[in-house]
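Below are the chains, spelled out letter by letter.
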Amino acid sequence: MNDSTAPSTSSGTSSRRSDATRNAILEAARERFAADGYERATIRAIAKDARIDPSMVMRYYGNKEGLFAAAVSYDLRLPDLTSTARDEVGRALVTHFLAMWEENEELTAMLRVGATNQGGAERMQGIFRDQLMPVARQACPDPEQAPARAGLVASQLLGLALTRYVLRFAPTVALAREEVVAWLGPTVQRYLTAPSP
C-alpha cells in the first residue's frame, strides 16, 4: 500500500529539525559573540555550544561573517513616537535605548564587533540606518536633514553604550538611568528638532 503522506511527513520532520538546528546555532553564536567578541569567537566553539558538528555551521551560514550577520539581525523595537509630544522625543528615545542595552546583551556584542570588524560595522550601520532614520524623519523639521540628524543621534546613543556597557568608564556606569535620560535626552532632542545651525 502506497502512503502518499509519508514524504511530506518526513519532509516536515526534516524541516523542523533543520529549524531547530539553525536556532541552536544562532543562539550559541549570539552568546559566544557577546562573551568573546567577533575576533575570538570561533566556529568550533559555537558548534560545541550548540552541540553540533562545526561542518553544520558552515553548511547553514558559510563562514563566521555570514553567521554573525545572521545572528545580529536585530530589531531595535523603536517606539511609535507619533503620540509622543514633539519636545519629549529625545527623552523617549534615550529611555528606550537604555532599556534595550540593559536588557539584551546582543546590542553590546554588536557594538564590540562593530568597533573592531568591518563586517560588524556595516551590519550595525544598516540596523541603525534602516530603523532610526524613520524616527528622524518623523521628528525633524526638514526631511532632507534626516540622515545627518539620525547620524548625530546614533553618535550619542552609541557613544553612551560604548562608554557605559563596553569600556565601562566608572563615571558613566555610575550614573542612574534617570540621570542619563536627564543629561542625554535634551541633546538627542536638539539633534532631532532644533533649527539647523
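Given the structure is predicted, the values throughout are model-derived calculations rather than measurements. (Residues numbered from 1 in each chain as written. Predicted model: local features only at pLDDT ≥ 70, side-chain atom pairs only at ≥ 80, totals over all residues. Heavy atoms only, no water.)

Here we look at the pattern of salt bridges
Our working rule: When a carboxyl oxygen of Asp or Glu is within 4 Å of a side-chain nitrogen of Lys or Arg, the pair counts as a salt bridge. Comment: elements are numbered from the N terminus, with helices defined as DSSP H or I runs of at least four residues and strands as E runs of at least two. Relative accessibility decides the category of a residue: with a 1.4 Å probe and only protein chains considered, values under 20% of the type maximum give buried, values over 50% give exposed, and everything between is partly exposed.
With the rule as written, the count across this model stands at seven salt bridges. With its nearest N and O atoms 3.9 Å apart, the salt bridge here joins arginine 40 to aspartate 36. Of this pair, arginine 40 and aspartate 36 are both found in helix 1 (residues 6-40), four residues apart, which corresponds to roughly one turn of the helix. For arginine 40, a relative accessible area of 60% translates into the label exposed. A salt bridge links arginine 129 to aspartate 130; the nearest nitrogen and oxygen atoms lie 3.3 Å apart. Relative accessible area serves as the criterion here: at 48%, arginine 129 is assigned to the partly exposed category. Because the salt bridges share partners, they merge into one network encompassing Arg32, Asp36, Arg40 and Asp49.

Some points on the confidence of the model for the protein
The cut-off we apply is this: Looking at any residue, its pLDDT shows the predictor's confidence there, from 0 to 100. Any two residues whose heavy atoms approach within 4.5 Å are treated as being in contact.
This prediction gives the protein a mean pLDDT of 88; 94% of its residues lie at or above 70. Throughout residues 1-8 the model reports pLDDT below 50, and contacts reaching past four residues in sequence, or to other chains, amount to zero contacts.

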